Amino acid sequence: MSASPLRRVLRISGPDARSFLQGLISNDVNKVDNGLVYAALLTPQGKYLADFFLLTDGDAILLDVAASHADGLLKRLNMYRLRADVQISESDICVSRGTSAKPDGALLDPRHSALGWRLYDSVDLGDDGTDWDALRVAHCIPETDIELTPDTYLLEVGFEALNGVDFRKGCYVGQEVTARMKHKTELRKGLTTVQISGQAQTGSDIVSNAKPVGTLLTQSGDKAIAYLRFDRAKGDMQAGDAQVIWPLSS
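So, here's what we can say about the structure. Because the structure is predicted, anything quoted here is derived from the model rather than measured.

Let us now look at the overall build of the protein. Helix and strand content of the protein: four helices and 15 strands. Relative to the 2.2 N^0.38 estimate, which gives 18 Å for 250 residues, the radius of gyration of the protein is 19 Å and therefore close to what a compact globule would have. Each of the three principal axes of the protein carries a C-alpha extent, and together these read 60 × 40 × 30 Å. With 250 residues in all, the protein has 47% of them scored as buried. A sequence separation of at least 24 residues applies to 64% of the contacts in the protein between residues at least 6 apart. When the accessible area of the protein is evaluated, it comes to approximately 12,400 Å², of which 48% is carbon and sulfur surface. Between the averaged position of the 27 positive side-chain charges in the protein and that of its 33 negative side-chain charges there is a distance of 8 Å.

Because each turn of an α-helix spans 3.6 residues, side chains separated by three or four positions in sequence point in the same direction. Along helix α3 (residues 132-139), the residues that are buried comprise W132, R136 and V137. Projected down its long axis, α3 carries its buried residues within an arc of 130 degrees, all on one side. Phi for C140, located one or two positions after α3, is positive at around 55 degrees.

Glancing now at unusual backbone geometry. Note that the residue after W246, namely P247, is joined by a cis bond; omega there is 0 degrees. By the element assignment, P247 lies in the segment after β15 (242-245). Backbone geometry places N163, a non-glycine residue, at a positive phi of 60 degrees. Looking at the element boundaries, N163 is found in the loop between α3 and α4 (175-184).

Turning our attention to the packing of aromatic side chains. By the definition in use, this model includes three aromatic pairs. When the centroid spacing of 5.1 Å and the interplanar angle of 40 degrees are considered together, the rings of Y38 and F53 count as tilted. Remark: F53 occurs in strand β4 (residues 48-57) and Y38 occurs in strand β3 (residues 37-42); sequence separation between them is 15 residues. Residue class for Y38 comes out buried when judged on its relative accessible area of 0%. On the basis of relative accessible area, F53 is assigned to the buried category, the value being 2%. Relative to W246, the ring of F230 has its centre 5.6 Å away and its plane inclined at 25 degrees; by these criteria the two rings are stacked. Of this pair, F230 sits in the loop between β13 (223-229) and β14 (237-239) while W246 sits in the segment after β15, and the two are 16 residues apart along the sequence.

With that settled, the discussion passes to the environment of D131. With respect to the helices and strands, D131 occurs in the loop between β9 (117-121) and α3. Among the residues examined, D131 registers a relative accessible area of 48% and is labelled partly exposed. Measuring from C-alpha to C-alpha, the distance between D131 and T202 comes to 17 Å, with 71 residues separating the pair along the chain. Here A134 takes part through its backbone nitrogen, which lies 3.0 Å from a polar atom of the side chain of D131.

One ladder, built from seven bridges, connects strand β10 (residues 189-197) with β13; its direction is antiparallel. Looking across to β13, one finds that T193 is bridged to I225. Strand direction decides the pairing type here: strand β12 (residues 211-220) and β13, joined by five bridges, are antiparallel. Looking at the pairing, G214 lines up with L228 of β13. Here β12 hands over to β13 after two residues, with G221 in that stretch at a positive phi of 60 degrees.

Calculation criteria
- Residues numbered from 1 in each chain as written.
- Predicted model: local features only at pLDDT ≥ 70, side-chain atom pairs only at ≥ 80, totals over all residues.
- Heavy atoms only, no water.
- Helix = DSSP H or I, 4+ residues; strand = E, 2+ residues; numbered from the N terminus.
- Rg over C-alpha atoms; globule rule 2.2 N^0.38 Å.
- Buried < 20%, exposed > 50% of the residue type's maximum accessible area, 1.4 Å probe, protein only.
- Contact = heavy atoms within 4.5 Å.
- Areas by Shrake-Rupley, 256 points an atom, 1.4 Å probe, with all protein chains shown as cover.
- Lys, Arg positive; Asp, Glu negative; His and termini not counted.
- Charge placed at Lys NZ, Arg CZ, Asp CG, Glu CD.
- Arc of directions from axis to C-beta.
- Phe/Tyr/Trp six-rings, centres within 6.5 Å; stacked < 30°, edge-to-face > 60°.
- Polar contact = N/O pair within 3.5 Å; in protein donor to acceptor, adjacent residues only side chain to side chain.
- Pairing = 2+ DSSP bridges.

Everything listed is a geometric property; what it means functionally is a separate question.
Structure (structure tokens):
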């Protein structure tokens, strides 16, 4: 069971906590009544700022975010608070996760069934040895600061399939761009799983006929997550000294 010192938990309380978050984030806050909720905060231009999990804590809501994004997210939430009757504070709750038998009180990861559970408690539970990169690559699940970066649009990184965006909830920051991408355009770029043969560094450019077609990201064995320009990702492709094959053979 893996307790992550790389996560921080914020506590959002007050009479306006739900309505405050509902007007900001990509998913429907009220889904917390049925379990863990995955969501993101975007810029007004629809680009990624932070992704996180939400859960209830009595009348308050806990927000589980990567430690690298916590200070920026806290600052941004306070900027949006204005006259809302909301208090935002740090919590000392530990975040544990695993794919072994689910402990009492743990919540299922809403992104994909293969990702097991997350537990929010005062106790650090240790590690169950899960190979998280292998799971993420197998199911093309993006990670904060690797696949999820400031130039990311949610639909290009599969947020809809990850249950991280709700198109019926109403307005939120960045909603207009996200909705337009959903209803009016065909995605020309995005994350996908590729096969690799050879060595290449994470972040290496993928090229075809000497032209850039994408970026190689998380790798596990002979597979990797890549961000590709789909219309250009054809024929022989390379990333560093590695050969890249896409689409995968069935």
